[in-house]
Structures are given as C-alpha cells and as structure tokens.
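This is what each chain is made of:
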Amino acid sequence: MKIAVVGTGYVGLVTGTCFAETGNKVVCVDIDQAKVEKLAAGQITIYEPGLEKIFLRNIKEARLRFTTDLASVVDEAELIFLALPTPPGADGAADLKYVLEVAEQLGNLMKGYKVIVNKSTVPVGTADKVRATITKNFKGEFDVVSNPEFLREGVAVDDFMKPDRVVVGTNSERARKLMSELYAPFVRQGNPVLFMDERSSELTKYAANSFLAMKISFMNEIAQLCEKMGADVDMVRRGIGSDERIGKRFLFSGIGYGGSCFPKDVQALVRSASEVDYDFKILKAVEQVNAVQKLHLVEKIKAHYNGNIRGKHFALWGLAFKPNTDDIREAPALSIIAALLAAGATITAYDPEAMQAVKQALGDTIGYAQSQYQALEAADALIIATEWSEFRTPDFERIEKLLPSKLVFDGRNLFEVSKMRSMGYCYISIGRPQ
Ligand SMILES: NC(=O)c1ccc[n+]([C@@H]2O[C@H](COP(=O)([O-])OP(=O)(O)OC[C@H]3O[C@@H](n4cnc5c(N)ncnc54)[C@H](O)[C@@H]3O)[C@@H](O)[C@H]2O)c1
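Note that this is a predicted model, so its numbers are computed, not measured.

Draft legend 1. Structural detail: the site of the ligand. Close to the ligand lie 27 residues; Asp 30, Lys 35, Thr 86, Glu 153 and Lys 264 are nearest. In the environment of the ligand, an oxygen atom lies 2.6 Å from a nitrogen or oxygen atom belonging to the side chain of Asp 30. Within the side chain of Lys 264, an N or O atom sits 2.5 Å from an oxygen atom of the ligand. Starting from 830 Å² of accessible surface for the ligand in isolation, the protein chains cover 90%.

This is the structure we're talking about:
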C-alpha cells in the first residue's frame, strides 16, 4: 500500500519505518527541514532500540523516504497517517493546532478518496473536527479514522511490530477494509484488531494511559505508607502482583511518571471531563500524587543533610524519563535537577543516551560526565533517577574508591537494601527500610 506519515517524531518515524518493513511504500513528511535532511541522508534522529537497522534497510530498498513537501505526497498516498504533536494548551486540554493545520492543508491538496488516519493522542470528537476542516476545502469522498498508538518508547519497534492490540475507530466499511489489510502482517499471532466507533477509540487511548498512570501513583502512595509504617514496598508489590486480577507489571514505585504522554494525557482527560461537567476525581489525585513523588527523593536528600544542601555536589545517574530512550520530556530527573540547583547544590550527570537533549535544554547549569563512574568524581553522594540496565550491577569497588561517603539516593530501587547495608553503604531508596 502507499502510505504517507505526517509528523516524523517518536511515533511517526517508528510508524513509517515499521509500515515500510512490511512491504508498504512510505513517505514520511515533517516541517522540520534539518530533521528531514538528516533522515533522508540515512541518519536516525531518535534513539530507539532496533529502529536504525530497519530504517536503513527500508531506505535502501526504496520503501521509505522523507520530505518536507506535503503537497508532493498526497496524490499517491492511499492512507495518510497523522503523527503530530498534541501538547497541552494553557488550560491543560490537548492543543489540536498541529492536527487541524495539517487537516486544512489536506483539504486543499486532496483530489480523490483518501483515508486520513489519526495516530496522535486526541480528545474525543477530534475525528469530527478533522473531517469538518477537510470538508471546508474538499467536497469529494474521504474517511477519517482514529487509530491511537500504544507503543512504548524504549521498546517501540517490538510494540509496533507485535502489538497487544490495534484499535481502529471508524464506521466506514471501505476504511475498515484498508486498515485490516494494512495491519494483517502485524497481528498474525492472533492479537486483535479492535474495530469500534471513533469516539470510543479516541477515549480508549486516554483511558489506557490514565489507568497506567493511576497504577504508578497508587504504588507511590503505598510506598509513602511503607516509609511511615515500617513496611517494605518491594514485599507489598510482590504480595499483590501475584494476584492475577492485579498483575505484576507497572507496580514499581519510584520518583513518579514522566515522559511525553502520561503527564499530558492525564491532564487532558481531566480537562475533557470537566468540559462535559464531569469531575474526574481519581485522575486529579493521580496528578497530585505524582507532583509530590517527583520531589520525594529531593526531600529525602535534604532531610539527610538536615535541610541544607548548599555547596553539596551530586553525581546523577540517569536523565531520560525511562531507560532505552533519549527522550527527556517531563523526565523526573529534570525536576530533581531544578530543585537541587535551587537549593544551592551542584550536579554532574551521566546518561547513556539523553545527554545531548539535556545539554540543549540546560546548557552548562550542570556538568556532564563521559561515564557513570566519572560522574562520581568529587561527589558527596550519588543520585539514581533512571533505571538503565548498566546502572543495575555496577562495580561497587570502583564506586567506593570514587565516592568515599558511600551515600546513595536511589529513586528507582535498583539494589537490595540488605546487600547495600552489608557493603557499608548509606542507601536511601523509595518505600523500603533504610
Ligand atoms: N512518544 C510516544 O511514546 C507516544 C506514544 C503514543 C502516542 N503518542 C502521541 O503521538 C503524537 C506524536 O507524538 P511524538 O512523541 O511522536 O511527537 P514528536 O514531537 O516526537 O513528533 C512530532 C513531529 O511532528 C512534526 N510536525 C509538527 N507540525 C508539523 C506539520 N505541520 N507537518 C509535518 N510535521 C509536523 C514535528 O516537527 C515533529 O517531528 C502525540 O499526540 C503523542 O501524544 C506518543
């Protein structure tokens, strides 16, 4: 099939590359000229495990190309995917300006039947708005389909190639057929393509992300209780996770959720609910708990130094909002950095993939190390903010030499408390005995 993907960021690039991988001819469109030039030259613009190999293969096979010129791709494409930003507006609602701008352009460019597939996370009713915007300029036949994306950064290629489910919102039989054909290679193991109406599909995405964010905030509140009651959140997690109704996944407490999706999607659903006079109480609490949790580790650090960290120097391991990505949007590490700097501390950070993005955002307000061990030089303590695999089994002898204080604040509960104690560390983590 001939496909255009408009917006070539984390979702668009993975979507376009994976559709090309199953034999489709894909053109990815973006307004960011520098990004398109890089991609067209075979340079990948995001860190996503497994992506580069298939990206290069499909460029070589001429199934994947990149352009800034939307007008040049519309005629050929049967399906046009929108993978555009939907950032929070001033009131918390998803800002649809990027999606509707492109819809406006499409209305001017379309000459015949197309399926416009919305992969961006958008509020209920957006498909209607996209349809109305296109109709202003194009009076022919077309369909607008909702096809929310559930990939997780860090495992995006696997998630896209073998999705747990594909959700498609449409009432059009013609669009349904095309979408079934397109996704058939991705669900050969029998995972469902769930067809539904557009509104249910749009809401499904928000419900999924909000539910996951709720799990995280719930476990973070349990961790707070554990600290006050002398219980161990790891034990409680195992105790409840083995109940099939609860499940083992997504039960880790830590320093709160971040990333480009959960914070904005929870906020947007609260806002959408209020627009129909519904007060989404649980989700408001989810947000409040997360805001507190993002700074919980900083509170512990301050408490350790009796409230005064002015002049202290910290090594910070991990900047990305989660492992295996270079994405720092809403990363808890950034909140921790801001709070520590505001309190007069200094920081040297290390992250395997996200340093470039942080350098662009924070410049020289913090120092950057070449390795996790170099970050420890002259530090008063180590802070862990992202659970990269390489931080999980470090060389403790080397750490001891570089960090004589043996003081570790771990926001991701990477190590066994008893082991750290037996090695003589002062180890402060989340929801566990100190
Ligand atoms: N990142 C994720 O893990 C994830 C997962 C599921 C859903 N989503 C949703 O997918 C959407 C895209 O997210 P993302 O993380 O890929 O965003 P992103 O910011 O990484 O990428 C968006 C891209 O769109 C481009 N763009 C903006 N305006 C354009 C225009 N008029 N024409 C062409 N390109 C334009 C930008 O230059 C950018 O490259 C959002 O709605 C997000 O909520 C994201």
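That shown, we press on.
Draft legend 2. Seen up close, the sheet that holds strand β13 (residues 407-410). In space, the six strands of this open sheet follow the order β11-β10-β9-β12-β13-β14, with parallel pairing throughout. Pairing within the sheet leaves two strands with one partner each, and these edge strands are β11 (367-368) and β14 (426-428). Relative to β14, β13 runs parallel, the two being bridged by three bridges. Bridging from a neighbouring strand, Leu 407 pairs with Cys 426 of β14. The strands touched by helix α13 (residues 296-304) within the sheet are β9 (313-317), β12 (381-384), β13 and β14, with β13 carrying the most contacts at an inclination of about 155 degrees.

Draft legend 3. Focus on the pairing of strand β5 (residues 115-118). Both faces of β5 are covered, namely the face carrying Val 115 and Val 117 and the face carrying Ile 116 and Asn 118. As judged from the four bridges shared by strand β4 (residues 79-82) and β5, these two strands associate in the parallel manner. When the bridges of β5 are listed, Leu 82 appears paired with Asn 118. In this sheet, strand β6 (residues 143-146) lies alongside β5 in parallel orientation, the contact comprising four bridges. Opposite Ile 116, over in β6, you have Val 144 as the bridge partner.

Draft legend 4. Layout of helix α14 (residues 332-342). Turning to α14, its buried residues number three or more, namely Pro 332, Ala 333, Ile 336, Ile 337, Ala 339 and Leu 340. Considering only its buried residues, α14 is in contact with α12 (281-294), α13, β9, β10 (346-350), α15 (355-362) and β12. Of the residues trailing α14, Gly 344 is marked for its positive phi of about 95 degrees.

Draft legend 5. Representation of the packing of aromatic side chains. Tallied over the entire structure, the rule returns 18 aromatic pairs. When the ring of Phe 138 is compared with that of Phe 142, the centres are 6.1 Å apart and the planes differ by 55 degrees; the resulting orientation is tilted. Of the residues examined, Phe 138 reaches a relative accessible area of 8% and is grouped as buried. Taking relative accessible area as the criterion, Phe 142 reaches 11% and is therefore assigned buried. Connected via pairs of aromatic rings, a cluster forms that spans Phe 19, Phe 81, Phe 160, Tyr 183 and Phe 186. Here the basic side chain of Arg 165 rests over the ring of Phe 150, its NZ or CZ set 3.6 Å away from the ring centre. Of note, Lys 359 hangs over the ring of Tyr 368, and the distance from its end group to the ring centre comes to 5.3 Å.

What counts, and at which threshold
Residues numbered from 1 in each chain as written. Predicted model: local features only at pLDDT ≥ 70, side-chain atom pairs only at ≥ 80, totals over all residues. Heavy atoms only, no water. Near = heavy atom within 4 Å. Polar contact = N/O pair within 3.5 Å; in protein donor to acceptor, adjacent residues only side chain to side chain. Areas by Shrake-Rupley, 256 points an atom, 1.4 Å probe, with all protein chains shown as cover. Pairing = 2+ DSSP bridges. Helix = DSSP H or I, 4+ residues; strand = E, 2+ residues; numbered from the N terminus. Contact = heavy atoms within 4.5 Å. Axes fitted to C-alpha atoms, helices over the stretch in contact; angles between N-to-C directions. Buried < 20%, exposed > 50% of the residue type's maximum accessible area, 1.4 Å probe, protein only. Phe/Tyr/Trp six-rings, centres within 6.5 Å; stacked < 30°, edge-to-face > 60°. Lys NZ or Arg CZ within 6 Å of the ring centre and 35° of its normal.

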